[in-house]
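# Residue-level structural notes
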Amino acid sequence: MTASTTRRTTAARSRIAAVGAIAVAGALILTGCGDQTKSGSGDGASTGTKSSSAPLFSALPKKIQDAGVIKVGTDSAYPPMEFVENGKIVGVDPDIAEALGKQLGVKFEFTAGTFDGLITSIYTGRQDAIMSSMTDNKQRQEGLDDKGQKIGKGIDFVDYFSSGLSLLVKKGNPEGIKTLDDLCGKTVAVQRGTTYEDEFKKQADKCGDKKLTIQAFDTDAEAQTRVKAGGAVADLNDYPVAAYTVKTSGGGNDFEIAGQQTGVGLFGIGVSKDNAQLRDALKQALDAAIKDGSYAKALEKWNVQDSAVKSATVNAGQ
């Protein structure tokens, strides 16, 4: 596991699980903390080629048609969704963007920035969209803080990916783990201070006298090592990160995912509420990519096909 993967799992609550942390970040963003998106020297990535003959080119705003580019802000430190490899931003999101670009006839130009500056970058005009494994939720849609108070415009989302938490177990799943309930009476490993540790603690309460022992480590890499060595039966992580670990660790021979995802939510492409035309064009492009199979191909490349959505939705997150 790369250092960037470990770092992002510590902060993953800002993307998926902890709504409170999301709202606090949103409050800072939407009350004018400034555009923190970096130019990302060496980190940019473009996918697609301008083509006015593309099926959905005419659906785009005139400004984007003329530019031939959709400028996309991302935090490129979340393998396999988006990360830097050989100076280029790669991953699930750029590959999905490439499929959308073929439908729209324009390039998706990714620029690396800080996660908490991405929403601001849309309203300053620095970016046209956000594609950064950002969870679609009501707080972000409506520009609310964690107390439900209005603090900004909010943004719209085109939902393109479904993700929850997954149990990572040793290859072959020797303990036959399928659900969290199967962990009762066993030992698990997890990264300290994360929402994953919180989930294990909740399960420990459910287990009662059939004690669930939790071993917490400073990094997720250490927790994985414990599972691989047989000292713990499972680790818990966001599904795409777990799937990436399954694919890459030990050449695919160290781990597997046990059971189904839990706590599933939606990732969305973020767009300004003032740009409904771009939002609707992206929705049409995603539906077309789902229909022609290019969307599924992008997910299969990164072993995250279980997170596929069946159709594009707008603001479907809760």
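In short, a report on the structure. (Residues numbered from 1 in each chain as written. Predicted model: local features only at pLDDT ≥ 70, side-chain atom pairs only at ≥ 80, totals over all residues. Heavy atoms only, no water.)

This part takes up the nonpolar core. In terms of nonpolar packing, the biggest core is built from 50 residues, with L60, I70, I96, L104, F108 and L282 touching the most fellow members. Apart from the residues within four sequence positions on either side, I96 is in contact with M131, Y160, Y295, A298 and L299. Counting 17 residues, the second largest nonpolar core, distinct from the first, contains L167, C184, F200 and L212. (Core = buried A, V, L, I, M, F, W, Y, C linked by side-chain atoms within 4.5 Å. Buried < 20%, exposed > 50% of the residue type's maximum accessible area, 1.4 Å probe, protein only. Contact = heavy atoms within 4.5 Å.)

This structure, assessed with the given rule, holds 13 salt bridges. Of the charged contacts in the structure, one is a salt bridge between E197 and K201, with a shortest N-O distance of 3.9 Å. With a gap of four residues between them, E197 and K201 both fall in helix α7 (residues 195-207), about one helical turn apart. With a relative accessible area of 43%, K201 lands in the partly exposed category. Through salt bridges with shared partners, one network takes in D156, K273, R279 and D280. (Salt bridge = Lys/Arg side-chain N within 4 Å of Asp/Glu carboxyl O. Helix = DSSP H or I, 4+ residues; strand = E, 2+ residues; numbered from the N terminus.)

As a further point, take α7. Structural remark: α-helix, 3.6 residues per turn; residues separated by three or four positions point the same way. The end-to-end C-alpha distance of α7, which contains 13 residues, comes to 18 Å, matching closely the 18 Å that a straight helix rising 1.5 Å per residue would cover. Along α7, the residues that are buried comprise T195, Y196, E197, F200, Q203 and C207. A positive backbone phi angle near 60° is found at G208, which sits one or two residues after α7. (Expected span 1.5 Å × (residues − 1).)

A separate point is helix α8 (residues 220-229). Where α8 is concerned, the buried positions are D220, A223, Q224 and V227. When α8 is viewed along its axis, its buried side chains cluster within an angular range of 100° and face the same direction. Positive phi appears at G230, one or two residues downstream of α8, with a value of about 90°. (Arc of directions from axis to C-beta.)

Further remarks concern the side chain of Q203. Examined against the element boundaries, Q203 turns out to sit in helix α7. Here D181 takes part through its side chain, which lies 3.1 Å from a polar atom of the side chain of Q203. (Polar contact = N/O pair within 3.5 Å; in protein donor to acceptor, adjacent residues only side chain to side chain.)

Turning next to the state of the cysteines. Under the counting rule described, the total for this entry stands at one disulfide. Here C184 connects covalently by a disulfide to C207, the sulfurs 2.0 Å from one another. Taking the torsion about the S-S bond as the criterion, the C184 to C207 disulfide, at about -80°, is left-handed. Here C184 is found in the loop between β8 (155-170) and β9 (187-191), whereas its partner C207 is found in helix α7, with 23 residues between them in sequence. C207 carries the same exposure label as C184, and that label is buried. (Disulfide = S-S within 2.5 Å.)

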